[in-house]
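Examination of the molecular architecture
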Amino acid sequence: MSTVKLQFATEQHEDATSDSDFVLAHVSDLHLTSLLGIKLRDLLDKRISGYLSWRLRRRYEHRSEVLDALRVDLQAQRPDHIAVTGDLTHLGLPREFTEAAAWLTRLGTPQSITLVPGNHDAYVAEAWGETFAQWSAYMAGDDAGAVTGSDDLFPSLRIRRQVALIGLSTATPSAPFLATGRLGEGQLRRLDRLLEQTAGAGLFRIVLLHHPPALHTVQWRKSLLDSAALREVLDRRGVELVLHGHGHFSAATYLDAARQRNLAIGVPSASAIGRNVERYATYHVYRVRRCETGWRLLVSVRTYSLDHWRFVAEDGRRLRQALAQAPA
């Protein structure tokens with residue numbers, strides 16, 4: 001596994017950017033759909049609690065004007081690729097998938113956006129053709145064949161220049177008041193092979209998933225149930241970067257802390273402007289460059305400003321703190 005040198009955009013260093021850099025924007029937990037006009041018959045299951053949460057809190061926190069500003073800012077940053085790590089919907093209703101698909105189309109093409117689903121997108125079991133099939137072009141790997149369900153898609157592999165984007169699905173329906181995820185043995189076996197293959201090709205490997213892979217990042221009721229098995233695979237094969245969402249806050253840790261390997265970074269919601277300013281809408285921009293000792297990874301943080309009504313550059317303080325406080 002190659003060495004990865006992590007830098008923040010505000011650090012003093014020469015030649016901050018280069019045409020050879022691969023630029024990846026990471027957004028998550030958009031919760032971009034409206035539940036106005038929802039029918040009572042749609043709520044006769046776990047969705048009733050989610051709907052009440054939206055009525056009482058989430059509709060005030062996740063704002064459409066922030067999502068409009070996000071799309072404008074992403075297009076201004078002109079990344080080579082955009083990673084979306086789930087929770088585009090609130091309740092996983094088919095009509096929400098249609099709304100989210102329209103938003104994705106306005107943002108970019110399936111070739112320039114890689115999407116993995118979140119727990120809200122799999123709130124309850126629904127027919128594939130009415131839900132995730134609407135996003136399949138954004139989730140499928142470069143060599144995907146006929147797709148009839150998530151087992152045909154994940155792990156997905158997309159190679160963009162010197163970078164391998166490996167998508168995982170942790171989205172699975174859970175019991176009321178739980179927001180857990182699971183990968184399953186089949187997905188983990190396939191991930192093991194992909195990590196080995198892409199390492200052999202000398203690529204910078206980025207694993208994308210919704211739930212945090214590290215222990216204790218979120219409460220148990222929101223956790224990835226087989227995270228220990230995932231960490232075993234990552235420890236065996238190594239990975240240059242893991243990106244996730246789900247927590248709605250900045251998170252950063254080395255999954256292999258002893259050797260400072262397998263860096264995992266979580267991004268806050270890209271649409272939230274609730275009471276906690278530390279969790280205001282944020283997304284990250286990564287610049288990946290090959291260097292003599294391995295790789296250089298430059299992180300830029302962009303956060304929504306209520307003063308300017310747009311996304312602005314932030315100094316990465318929250319990420320620095322998270323990394324400094326991570327278990328050794």
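Structural notes, computed from the coordinates. Model, not experiment: these values are computed from the prediction.

1. A few points about the packing of helix H2 (residues 64-77) against helix H3 (residues 94-107)
- As a packed pair, H2 and H3 sit with axes 10 Å apart at the nearest point and diverge in direction by 30°. In this view, H2 runs roughly parallel relative to H3, as classed from their interaxial angle. Mapping the contact onto sequence places Leu67, Leu70, Arg71, Leu74 and Gln75 in H2 and Trp103, Arg106 and Leu107 in H3.
- When grouped by side-chain class, the residues that make up the contact of H2 with H3 number five nonpolar, one polar and two charged.

2. Re the pairing of strand E7 (residues 204-208)
- In terms of burial, E7 is a largely internal element, five of the five residues being buried.
- Along E7, one buried face is formed by Phe204, Ile206 and Leu208 and the opposite face, lined by Arg205 and Val207, is buried too.
- Two elements, strand E6 (residues 163-167) and E7, share five bridges in a ladder whose sense is parallel. The residue of E7 that forms the bridge with Gly167 is Leu208.
- Pairing between E7 and strand E8 (residues 241-244): three bridges, direction parallel. Each bridged residue has a counterpart across the sheet, and for Ile206 the counterpart in E8 is Leu241.
- Handedness of the crossover joining E7 and E8 through helix H6 (residues 227-237) is recorded here as right-handed.

3. A look at a nonpolar patch on the surface
- Side chains of Ile48, Leu52 and Leu56 sit close together on the surface and give an oily, nonpolar patch of about 310 Å² of accessible area.
- Take Leu56: it is sitting in helix H1 (residues 47-61).
- Assessed through its relative accessible area of 71%, Leu56 is described here as exposed.

4. Points about the nonpolar core
- Core analysis: the largest hydrophobic core is formed by 64 residues, its most contacted members being Leu30, Leu70 and Trp135.
- Sorting elements by how many residues they give to this core places H3 first, with six residues.
- The contacts of Trp135, once residues within four sequence positions are left out, are Leu88, Thr89, Phe97, Ala100, Ala101, Leu104, Leu115 and Asp121.
- Ile166, Leu234, Val239 and Val242 belong to the second-largest nonpolar core, a separate cluster that totals 19 residues.

5. Things to note about the packing of helix H5 (residues 185-200) against H6
- Running from N to C, H5 and H6 point in directions that differ by 20°, and their axes come no closer than 10 Å. As summarised for this structure, H5 and H6 are arranged roughly parallel, according to the angle between their axes. The interaxial crossing formed by H5 with H6 has right-handed handedness. For the pair H5 and H6, the contacting residues are Leu188, Leu191, Asp192, Leu195 and Glu196 in the first and Ala229, Leu230, Val233, Leu234, Arg236 and Arg237 in the second.
- Of the residues belonging to the contact of H5 with H6, the class tally is seven nonpolar, no polar and four charged.

Definitions and cut-offs
Residues numbered from 1 in each chain as written. Predicted model: local features only at pLDDT ≥ 70, side-chain atom pairs only at ≥ 80, totals over all residues. Heavy atoms only, no water. Axes fitted to C-alpha atoms, helices over the stretch in contact; angles between N-to-C directions. Helix = DSSP H or I, 4+ residues; strand = E, 2+ residues; numbered from the N terminus. Parallel < 35°, antiparallel > 145°, perpendicular 65-115°, else oblique. Contact = heavy atoms within 4.5 Å. Nonpolar A, V, L, I, M, F, W, Y, C, P; charged D, E, K, R; others polar. Buried < 20%, exposed > 50% of the residue type's maximum accessible area, 1.4 Å probe, protein only. Pairing = 2+ DSSP bridges. Right-handed = clockwise from strand over helix to strand, strands pointing away. Patch = residues over 30% accessible without salt bridge, like charges linked within 9 Å, V, L, I, M, F, W, Y side chains within 5 Å. Areas by Shrake-Rupley, 256 points an atom, 1.4 Å probe, with all protein chains shown as cover. Salt bridge = Lys/Arg side-chain N within 4 Å of Asp/Glu carboxyl O. Core = buried A, V, L, I, M, F, W, Y, C linked by side-chain atoms within 4.5 Å. Left-handed = near helix turned anticlockwise from the far one by under 90°.

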